Amino acid sequence: MTNYFKLDPGLIYVNHAAVAPWPLRTVEAVKNFADENGAVGSRHYEQWIKLEQTLKNNLATLINAASSDEIALLKNTSEGLSIIAKGIEWQAGDNIVISNQEFPSNYIVWEALQREGVELRIADLLSTETPEQAIIEKMDSNTRLLSISAVQYASGLKMDLHTLGDACKANQSLFCVDAIQQIGATQFDVQAIDADFVVADGHKWMLGPEGLALFYCKQSSMEQLKLQQFGWHMVEDLSDFSNMHNWQPAHSARRFECGSPNTLTTHALQASISLLLELGMESVEAAVKDNVQSLISLFESLKDVTVLSPTERDRHAGIFTFSKKGIDNQQLYQYLVEKGVVCAARGGGIRFSPHFYNQASEFEQLAKWVDQFNLSA
Ligand SMILES: Cc1ncc(COP(=O)(O)O)c(C=O)c1O
């Protein structure tokens, strides 16, 4: 599994919940694209557009969308959430439900709507027997939208999206999922959860570059979003430049892509996604979960260490967060960084987020360093 990457040998890279390293084939794709641009510019532009379509097809496969027409390529997750927030025609009295563990992007965007008379309800995920129950208890007949992270960025808690999708359907609420911490790490099925909108940037578990995000919009929910951005690329017939006065938005999610595509990042993400699809998301998921389970058993046996992430296999994806008692966790983080560990300080502790290719020996080394830190502090 390791030969898909060529990381510096001195590093232990467990930071895919932040920004992933690129697989070798992605590095190659970007180099080749640069060479091509230098040599012949956009002479083969039609090929680029074909590749973009391949990427959309592959993303549709990755999330089991009914059609690639339901996929748009945007800049990032926050842009997708903003398109949804600004696109819905809110009515006075509407409310939105989110959780108290969200990354700022899935809070700020909804909080900004309060100025328009929309109520924001925040469920405390630890207040009830299951996190889903806490959310469902906040929903009522005025709940227009539920927006939730599939996997919480700090704790790593993986939500039961089937239960939440069912609740939205029963309540006739729109269902929006920030899936940046799940897609590419574990299997994801938009149809099974009946999501209206799913957003996920490619630079984490999908192993792509920053600046290109997957935006899924269910075909039957497309008209729910008033268009916010305008340009030549979002019209139904984008090759007809003479039809400026009588244009229609694309029937597909391309209506959310207003101008020229980001062809560089498209080449990169296509290469990364091709790797995940070749490996198969079932085996990627098994490896990601096994890795987190290994970390859990190693760290649970360490003195003074508290595992902050859920330990049940179906309640986590690739995020493992822990803290250590009696020491400054920020100093421990710095110590690990100096050892060559690429990780993050999150959720009141330290977050490791290994992908499928990380090795058991790396986890043993991490556990040793964390255990030793007492001595050297
Ligand atoms: C749950 C979640 N949503 C969104 C983001 C960031 O989104 P963007 O793609 O807008 O940078 C992060 C980044 O850490 C995240 O963890």
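What is the right way to look at the overall build of the protein in this model?
Helix and strand counts for the protein come out as 11 helices and 13 strands. Here the protein has a C-alpha radius of gyration of 22 Å; the compact-globule value for 377 residues is 21 Å, and the two agree. When the backbone C-alpha atoms are referred to their principal axes, the protein occupies close to 75 × 60 × 35 Å. Considering the protein as a whole, with its 377 residues, one finds that 55% of them fall into the buried category. Contacts spanning at least 24 positions in sequence make up 69% of the contacts within the protein whose residues lie at least 6 apart. About 16400 Å² of surface is accessible on the protein, with carbon and sulfur atoms providing 49% of the total. Averaging the positions of the 29 positive and the 46 negative side-chain charges in the protein gives two centres separated by 4 Å.

Got a minute to help me understand the sheet that holds strand 7 (residues 197–201) in this structure?
As a general point, the strands of a sheet are linked pairwise by backbone hydrogen bonds and lie either parallel or antiparallel. The strand order across the open sheet formed by 7 strands is 2-8-7-6-5-3-4, and the pairing between neighbours is mixed. Both edges of this open sheet fall to strand 2 (71–74) and strand 4 (119–123), since each of them pairs with a single strand only. Averaged over all pairs of adjacent strands, the angle between strand axes in this sheet comes to 20°, irrespective of strand direction. As judged from the 5 bridges shared by strand 3 (residues 95–99) and strand 4, these two strands associate in the parallel manner. Within strand 4, the residue paired with I96 across the bridge is L120.

Looking at this structure, how should I read helix 5 (residues 131–138)?
Each turn of an α-helix holds 3.6 residues, which means side chains three or four residues apart point in the same direction. Buried within helix 5 we find P131, E132, A134 and I135. Along helix 5, the residues classed as buried sweep out an arc of 160° about the axis, all on the same side.

Is there a simple way to explain the site of the ligand in this structure?
The environment of the ligand is formed by N76, T77, S78, F103, S149, Y153, D178, I180, Q181, D201 and K204. A distance of 2.5 Å separates an oxygen atom of the ligand from a polar side-chain atom of S78. Residue Q181 places a side-chain N or O atom 2.9 Å away from an oxygen atom belonging to the ligand. Contact with the protein chains removes 87% of the 400 Å² of surface that the ligand exposes when unbound. Considering only residue class, the shell around the ligand consists of 3 nonpolar, 5 polar and 3 charged.

Help me understand the packing of aromatic side chains, please; the structure alone is not making it clear to me.
When we look at a pair of aromatic rings, we describe it by the centre distance and by the angle of the planes. Following the criterion strictly, the structure yields 17 aromatic pairs and no others. A centroid spacing of 5.3 Å and a plane angle of 50° characterise the contact between Y45 and W48, whose relative ring orientation is tilted. Linking Y45 with W48, this pair stays in helix 2 (residues 45–63), spanning 3 residues, or about one helical turn. Given a relative accessible area of 32%, Y45 falls into the partly exposed group. Residue classification places W48 among the buried positions, given a relative accessible area of 5%.

In this structure, what is going on with the environment of L276? I would like to understand it.
One can find L276 in helix 8 (residues 263–279). L276 gets classed as buried once you look at its relative accessible area, which sits at 0%. Considered as a pair, L276 and C176 are 100 residues apart in the sequence and their alpha carbons are 24 Å apart. Beyond its immediate chain neighbours, meaning those up to four positions away, L276 contacts G184, W205, M206, L207, M281, V284, H355 and F356.

Hey, could you run me through the nonpolar core in this one?
The nonpolar side chains of a soluble globular protein tend to be buried, and buried together. In this structure, I135, L161, F175, V177, I183, F188 and F356 are the most contacted members of the largest nonpolar core, which totals 59 residues. Listed in part, the 28 residues of the second largest apolar core include I88, F197, L227 and A253.

I keep staring at the sheet that holds strand 12 (residues 344–346) and nothing clicks. Help me out?
Strands sit in the order 9-10-13-12 across an open sheet of 4 strands; the sheet is antiparallel. What marks the edges here is a single partner per strand, and that holds for strand 9 (305–307) and strand 12. Across this sheet, the average inter-strand angle for adjacent strands is 35°, counted without regard to direction. Relative to strand 13 (residues 349–352), strand 12 is paired through 3 bridges, and the arrangement is antiparallel. In the sheet register, A345 faces strand 13, and the bridge partner there is I350. Of the strands in this sheet, strand 9, strand 10 (320–324) and strand 13 are in contact with helix 9 (residues 281–300), which crosses strand 10 at around 15°. Sitting on the sheet, helix 10 (residues 329–338) is in contact with strand 10, strand 12 and strand 13, with an inclination near 35° to strand 13.

Quick question: what am I supposed to make of the pairing of strand 3 here?
In summary, the side chains of a regular strand alternate between the two faces of the sheet. Taking burial as the measure, the 5 residues of strand 3 include 5 buried ones, the bulk of the element. The side-chain alternation of strand 3 yields two buried faces, one formed by N95, V97 and S99 and the other by I96 and I98. As for the winding sense of the linkage, the β-α-β connection from strand 3 through helix 4 (residues 105–111) to strand 4 is right-handed.

I tried to follow the packing of helix 5 against helix 6 (residues 161–171) on my own but got confused; where do I start?
Geometrically, a packed helix pair is captured by the angle between its two axes and the distance between the axes. Running from N to C, helix 5 and helix 6 cross one another at 15°; their axes reach a closest spacing of 10 Å. For the element pair helix 5 / helix 6, the angle class is roughly parallel. With respect to the hand of their crossing, helix 5 and helix 6 are arranged in right-handed fashion. Contacts from E132, I135 and I136 in helix 5 reach T163, L164 and A167 in helix 6. Of the residues assigned to the contact of helix 5 with helix 6, the class counts are 4 nonpolar, 1 polar and 1 charged.

Reading guide: rules and limits
- Residues numbered from 1 in each chain as written.
- Predicted model: local features only at pLDDT ≥ 70, side-chain atom pairs only at ≥ 80, totals over all residues.
- Heavy atoms only, no water.
- Helix = DSSP H or I, 4+ residues; strand = E, 2+ residues; numbered from the N terminus.
- Rg over C-alpha atoms; globule rule 2.2 N^0.38 Å.
- Buried < 20%, exposed > 50% of the residue type's maximum accessible area, 1.4 Å probe, protein only.
- Contact = heavy atoms within 4.5 Å.
- Areas by Shrake-Rupley, 256 points an atom, 1.4 Å probe, with all protein chains shown as cover.
- Lys, Arg positive; Asp, Glu negative; His and termini not counted.
- Charge placed at Lys NZ, Arg CZ, Asp CG, Glu CD.
- Pairing = 2+ DSSP bridges.
- Axes fitted to C-alpha atoms, helices over the stretch in contact; angles between N-to-C directions.
- Arc of directions from axis to C-beta.
- Near = heavy atom within 4 Å.
- Polar contact = N/O pair within 3.5 Å; in protein donor to acceptor, adjacent residues only side chain to side chain.
- Nonpolar A, V, L, I, M, F, W, Y, C, P; charged D, E, K, R; others polar.
- Phe/Tyr/Trp six-rings, centres within 6.5 Å; stacked < 30°, edge-to-face > 60°.
- Core = buried A, V, L, I, M, F, W, Y, C linked by side-chain atoms within 4.5 Å.
- Right-handed = clockwise from strand over helix to strand, strands pointing away.
- Parallel < 35°, antiparallel > 145°, perpendicular 65-115°, else oblique.
- Left-handed = near helix turned anticlockwise from the far one by under 90°.

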